Amino acid sequence: QVQLVESGGGLVQPGGSLRLSCVASGSVFSAIAMGWYRQAPGNQRELVAALSSGGSTNYADSAKGRFTISRDNAESTLYLQMDSLKPEDTAIYYCNGHYLTGNYWGQGTQVTVSS
């Protein structure tokens, strides 16, 4: 099994920055891809950014130019650097990992962008 633990959310003003972290543990050697999703109240969960095992990235249109997904393989950690945050970025952000054994989700971390 794989466990994903997220951190880094919080309250930030518009235009500010946050960096989310996702630490993976367990049987993590079969990773195919990892990504960040978000879900705001009343909305569907949407993909924000994805990173394949080969290093390619994919971003939602709303995130391009502002968000950056990266990984630290030595510590099995996935990051989402979020800059120029907007109120519409407010949501619960979830880490997702796709492995040979299945898909796994973190518990979510709240990001609130407000003055």
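A quick note: this is a predicted structure, and the numbers were derived from the prediction, not measured.

About the cut-offs
- Residues numbered from 1 in each chain as written.
- Predicted model: local features only at pLDDT ≥ 70, side-chain atom pairs only at ≥ 80, totals over all residues.
- Heavy atoms only, no water.
- Helix = DSSP H or I, 4+ residues; strand = E, 2+ residues; numbered from the N terminus.
- Rg over C-alpha atoms; globule rule 2.2 N^0.38 Å.
- Buried < 20%, exposed > 50% of the residue type's maximum accessible area, 1.4 Å probe, protein only.
- Areas by Shrake-Rupley, 256 points an atom, 1.4 Å probe, with all protein chains shown as cover.
- Disulfide = S-S within 2.5 Å.
- Polar contact = N/O pair within 3.5 Å; in protein donor to acceptor, adjacent residues only side chain to side chain.
- Contact = heavy atoms within 4.5 Å.
- Pairing = 2+ DSSP bridges.
- Axes fitted to C-alpha atoms, helices over the stretch in contact; angles between N-to-C directions.

Draft legend 1. Spotlight on the overall build of the protein chain. The helix and strand inventory of the protein chain stands at zero helices and eleven strands. For the protein chain, the N- to C-terminal ordering of α and β elements is β-β-β-β-β-β-β-β-β-β-β. For 115 residues, the compact-globule estimate of 2.2 N^0.38 gives 13 Å, and the C-alpha radius of gyration of the protein chain, at 13 Å, lies within 12% of that figure. Dimensions of the protein chain, computed from C-alpha atoms along their principal axes, come out at roughly 40 × 25 × 25 Å. Relative to its full complement of 115 residues, the protein chain shows a buried share of 40%. As displayed, the protein chain offers around 6,100 Å² of accessible surface, 49% of which is attributable to carbon and sulfur atoms.

Draft legend 2. Quick peek at the state of the cysteines. Within the structure shown, the criterion is met by one disulfide. C22 shares a disulfide with C95; S-S distance 2.1 Å. Between C22 and C95, the S-S dihedral sits near -75°, and the bridge is therefore left-handed. One end of the pair, C22, is in strand 3 (residues 18–26); the other, C95, is in strand 9 (residues 91–99), and 73 residues separate them in sequence. Residue C22 is classed as buried on the basis of its relative accessible area, which comes to 1%.

Draft legend 3. Representation of unusual backbone geometry. Residue S84 is not a glycine yet carries a positive backbone phi of 50°. Tracing the sequence through the fold places S84 in the loop between strand 8 (77–82) and strand 9.

Draft legend 4. Molecular detail of the side chain of R38. Mapped onto the secondary structure, R38 falls in strand 4 (residues 31–39). Among the polar contacts listed, one links the side chain of R38 to the side chain of E46, at a separation of 2.8 Å. Here the side chain of R38 touches S62 through a polar contact of 3.3 Å, side chain to side chain. Aside from chain neighbours lying at most four places away, what touches R38 is Q44, R45, E46, V48, S62, F67, D89, A91, I92 and Y93.

Draft legend 5. Representation of the sheet that holds strand 7 (residues 67–72). Strand order in the open sheet formed by four strands is 1-3-8-7, and the pairing between neighbours is antiparallel. Strands with a single pairing partner mark the edges of an open sheet, and in this sheet they are strand 1 (2–7) and strand 7. Taking the axes of each pair of neighbouring strands and ignoring which way they run, one obtains an average angle of 15° across the sheet. The pairing of strand 3 with strand 8 spans six bridges and is antiparallel.

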